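# Breakdown of the fold
Below are the chains, spelled out letter by letter.
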Amino acid sequence: MLDIVIRNGRIVDGTGLPAFHGDLGIAGGRLSRVGGQLPASARQVIDAGGQVVAPGFIDPHTHFDAQLLWDGQARPALEHGVTTVVHGNCSLSLAPLKAEHRPRLVKMFQQIEEMPDAAFDGAFQWAWEGFADYLAALRGRVALNVAPLAGHTPLRMWVMGADAHKRAAKPDEIRAMQDLLRACLEAGAVGLSTSYVDMDENLAPVPSRYAHSEELDALAAVLGEFGRMLQVVPEFYSTDVTVARVDQLAELSLAHGIPTTFSPLFDSSAVPDNVPRVLERVAEQFARGARVWPQVQTRPIDISFSLDMASLYFIQLPMWYMILRMPRAQKLALLRNDGTRKGLIDAAEPGGDTSRFARLRVRDSHDASLIGRMLGEIAAERGTTPAGALLDLSLEEDLGVHFLAASMGHEDPSRIGPLLANDLVHVGASDGGAHIQSFATYGDTGYLFSEFVRAGRYLSLEHAVRKITGDTAQIWGLPGRGLLRPGMAADVVIFDPDTIARGDERPAHDMPEGGMRYVRGARGVDTVIVNGAVTWSATGGYTDARPGVITSA
Ligand SMILES: [Zn+2]
């Protein structure tokens, strides 16, 4: 007998081929039948009612490394239809890591990925050092599949200790890193991640940035033994340097026979030739036979913040940023100090230019009449400047007011739509589970359908599904996933193509110890199945099932 029969579905199988009507049979965690009419004699029958039945979505750029240890459902990613996540991106992973290096690495996670202390402190039992033992800690705990990357930064820390933060590696250290990476790949890592951008808590380069090209080449050679992925954060703020990184990745891809991917690639009206120039070079390198996948996110760059935390929104205002990083009591005292206040306002509004904060909107406040209003207007009413109003409103509500900086880039659908549809573009880069106090990194898949399939018609339904299922599995080499085919893993999402969307962003206090993050729920998603078990449904919510596996194992 079949475990699950999904009847009456509009099957979009992940290949990009036209949808067709039929049933889906699941047995033993795998798809047994796709299409046709199946008898209703199954342990569970789900009537799709003509909704889309598609492979579960695969998110190739997340930072759920720590969250998975206390929340194996990676909420709320799962309810958006995500059934597999790649984590360990951007040079950071929780293994391999010696116990003595934990505090340093946690500080980097907190700085780069904006995660609170409580995400690491006591939220889980940290018993592993090696990669295999980290994966063992995830087994049986996860509701979705995980495809873990090994981070270049902890590899260096393991081999070089404090010198990882200071210098290039010597030949014997490079050989030791190669052995360590090989052990990670044998244990189930799907590749290596590195970064040319990120900074630690002292705003010094992370260890991966001290590597010379010989070191990365040697590590890529080990990836080549397994045909595994190299993920890179390039200097995305500079088109010229990004183009050079595309060339470097292409050389590594060709020399070692590996796929490579870089993220993010942002579009911006301020630098309109950035994406065209990078894509042109990507196309040249694909034509040479290299694999250099640019990852492009679907959502615009919206940043939310309150002065209760040190948001990346202030990274270009060092005085603000340093004060916002201070302990709360010290921070409040400084924000109330007249001299400091004047310094902050001068820094944000040099020469009386008030444009920086004027278009911020109030996102959340005890005073409902303020919500949605622009800070420039509120400041004018109060006879102050936008920076003054930002400080006043925040202090009036004990730093509880949230602000939204909307559409800071990557926001023009007529430019993003064709980009997402491009065959050379890898749709991803959600950063799921990171930057949790700046924006909700969930629901990019729903946004792909609402904005670029339904509203803009840049992609067909089948094309959009293929982009985040079959293509992703193929690019990353995730065997047995990404398509609805007999014998493949039964990762399935049922959704309404007319309503699927991301819900509204809202602050939630659901981190360990009540910590705040921004989240958003899903719209139009009906049922999420992982390896043949229902993990979430619109009617029943999250289930107790923990069917997720390490995908490479
Ligand atoms: Zn990242």
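Rules of the game
Residues numbered from 1 in each chain as written. Predicted model: local features only at pLDDT ≥ 70, side-chain atom pairs only at ≥ 80, totals over all residues. Heavy atoms only, no water. Helix = DSSP H or I, 4+ residues; strand = E, 2+ residues; numbered from the N terminus. Buried < 20%, exposed > 50% of the residue type's maximum accessible area, 1.4 Å probe, protein only. Contact = heavy atoms within 4.5 Å. Donors = N, O, S within 2.8 Å, 3.2 Å for Na, K, Ca; no water. Tetrahedral: all angles 85-135°; square planar, octahedral: opposite > 155°, others 65-115°. Patch = residues over 30% accessible without salt bridge, like charges linked within 9 Å, V, L, I, M, F, W, Y side chains within 5 Å. Areas by Shrake-Rupley, 256 points an atom, 1.4 Å probe, with all protein chains shown as cover. Salt bridge = Lys/Arg side-chain N within 4 Å of Asp/Glu carboxyl O. Expected span 1.5 Å × (residues − 1). Pairing = 2+ DSSP bridges. Domains from an automatic or database assignment. Buried area = accessible area lost by both parts, 1.4 Å probe. Polar contact = N/O pair within 3.5 Å; in protein donor to acceptor, adjacent residues only side chain to side chain. Arc of directions from axis to C-beta. Axes fitted to C-alpha atoms, helices over the stretch in contact; angles between N-to-C directions. Phe/Tyr/Trp six-rings, centres within 6.5 Å; stacked < 30°, edge-to-face > 60°. Lys NZ or Arg CZ within 6 Å of the ring centre and 35° of its normal.

A few words now on the side chain of Asn145. Along the chain, the position of Asn145 falls in strand β8 (residues 145–148). The class for Asn145 is buried, based on a relative accessible area of 0%. Excluding residues within four positions of it along the chain, Asn145 makes contact with Thr83, Thr84, Val85, Arg481, Asp491, Val530, Asn531, Pro547, Gly548, Val549 and Thr551.

This part covers the coordination of the zinc ion. Note on metal geometry: ideal angles are 109.5 degrees for four donors arranged tetrahedrally and 90 or 180 degrees for six donors arranged octahedrally. Looking at the zinc ion, the protein donor atoms are His61 (NE2), His63 (NE2), Cys90 (SG) and Asp431 (OD), and they sit 2.1 to 2.5 Å from it. Around the zinc ion sit 4 donor atoms; with metal-centred angles ranging over 81 to 168°, the donor geometry is irregular.

A word on a nonpolar patch on the surface. A contiguous nonpolar patch, built from Met199, Leu203, Ile315 and Met322 and spanning about 310 Å² of accessible area, is present on the exposed surface. Among the residues examined, Met199 registers a relative accessible area of 31% and is labelled partly exposed.

Here we take up helix α5 (residues 171–187). The end-to-end C-alpha distance of α5 is 25 Å, a good match for the 24 Å that 17 residues give at a rise of 1.5 Å each. Here α5 has its buried residues at Glu173, Ile174, Met177, Gln178, Leu180, Leu181, Cys184, Leu185 and Ala187. Among the structural elements, α3 (131–138), β9 (150–151), α4 (152–160), β10 (191–195) and α6 (213–226) are those in contact with the buried residues of α5. Of the residues one or two after α5, Gly188 is the one with positive phi, at around 130°.

Moving on: the pairing of strand β24 (residues 533–537). Here β24 lies mainly inside the structure; 5 of its 5 residues are buried. As judged from the 4 bridges shared by strand β23 (residues 525–530) and β24, these two strands associate in the antiparallel manner. Each residue of the ladder has a partner; that of Val530, found in β24, is Ala533. Connecting β23 to the next strand, β24, in antiparallel fashion are 2 residues, including Asn531 with a positive phi near 45°.

Let us look at the domain arrangement of the protein chain. Domain boundaries assigned for the protein chain yield domain 1 (57–301 + 409–542) and domain 2 (303–407). If you average the C-alpha positions of domain 1 and of domain 2, the two centres end up 31 Å apart. Taking both partners together, domain 1 and domain 2 bury about 1,200 Å²; carbon and sulfur atoms supply 51% of that area. On the domain 1 side of the contact with domain 2, Ile301, Ser438 and Tyr518 bury the most area, a combined 30% of that side's loss. Where domain 1 packs against domain 2, one counts 1 salt bridge. Its salt-bridge partner being Arg363, residue Glu505 comes within 2.6 Å of it at the nearest N-O pair. The tally of links from domain 1 across to domain 2 stands at 8 residue pairs in polar contact (both at pLDDT 80 or more).

With that settled, consider helix α13 (residues 375–382). For an α-helix, 3.6 residues make a turn, and residues three or four places apart therefore share a direction. Taken together, the buried positions of α13 are Leu375, Ile378 and Ala379. Angular distribution of buried residues about the axis of α13 spans 100°; they occupy a single face of the element. Seen from the buried face of α13, the exposed residues on the opposite side, beyond 90 degrees, are Ala380 and Glu381. Residues of α13 that are buried sit in contact with α12 (355–358), β15 (361–364), α14 (386–396) and β16 (402–405). Of the residues one or two after α13, Gly383 is the one with positive phi, at around 65°.

Once that is clear, we can look at the sheet that holds β16. Strand order in this open sheet of 3 strands is β14-β16-β15, and the pairing throughout is antiparallel. What marks the edges here is a single partner per strand, and that holds for β14 (303–305) and β15. Ignoring strand direction, the axes of neighbouring strands in this sheet form an average angle of 35°. As paired elements, β14 and β16 share 3 bridges and run antiparallel to each other. Looking at the pairing, Phe305 lines up with Phe403 of β16.

For Glu377, the position within the fold is in helix α13. Spatially, the C-alpha atom of Glu377 lies 7.8 Å from that of Ala358, the residues being 19 residues apart in sequence.

The sheet built from 6 strands is open, its strands ordered β9-β10-β11-β12-β13-β17 with parallel pairing. Each end of this open sheet is capped by a strand with a single partner; those strands are β9 and β17 (426–427). In this structure, strand β13 (residues 292–296) lies alongside β17, joined through 2 bridges in parallel fashion. Among the inter-strand pairings, Val296 is bridged to a residue of β17, identified as Val427.

This paragraph deals with the environment of Leu230. Topologically, Leu230 is positioned in strand β11 (residues 229–233). Beyond its immediate chain neighbours, meaning those up to four positions away, Leu230 contacts Leu192, Thr194, Leu216, Leu223, Leu249, Leu252, Ile258, Pro259, Thr260 and Thr261.

Turning to the pattern of salt bridges, a few remarks are in order. By the definition in use, this model includes 31 salt bridges. Of the charged contacts, one joins Arg288 and Glu251 as a salt bridge, the two residues approaching to 3.0 Å between their closest N and O atoms. Note that Arg288 is positioned in the loop between α8 (274–287) and β13 and Glu251 in helix α7 (residues 239–256), a separation of 37 residues in sequence. With relative accessibility at 46%, the residue Arg288 sits in the partly exposed group. Here Asp471 ties to Arg466 by a salt bridge, and the two come within 3.1 Å at their closest N and O atoms. Here the residues in one salt-bridge network are Asp163, Lys166, Arg167 and Glu173, joined through shared partners.

Under the definition given, this model contains 23 aromatic pairs. Aromatic pair Phe286 and Trp293: ring centres 4.8 Å apart, planes at 65°, arrangement edge-to-face. Considered together, Phe286 and Trp293 belong to a single accessibility category, that of buried residues. Three or more aromatic residues joined by ring pairs make a cluster, and in this case those are Phe305, Tyr313, Phe314, Trp320, Phe357 and Phe403. Cation over ring: Arg75 sits above Tyr542, and NZ or CZ is 4.0 Å from the ring centre. Here the basic side chain of Arg502 rests over the ring of Tyr447, its NZ or CZ set 4.3 Å away from the ring centre.

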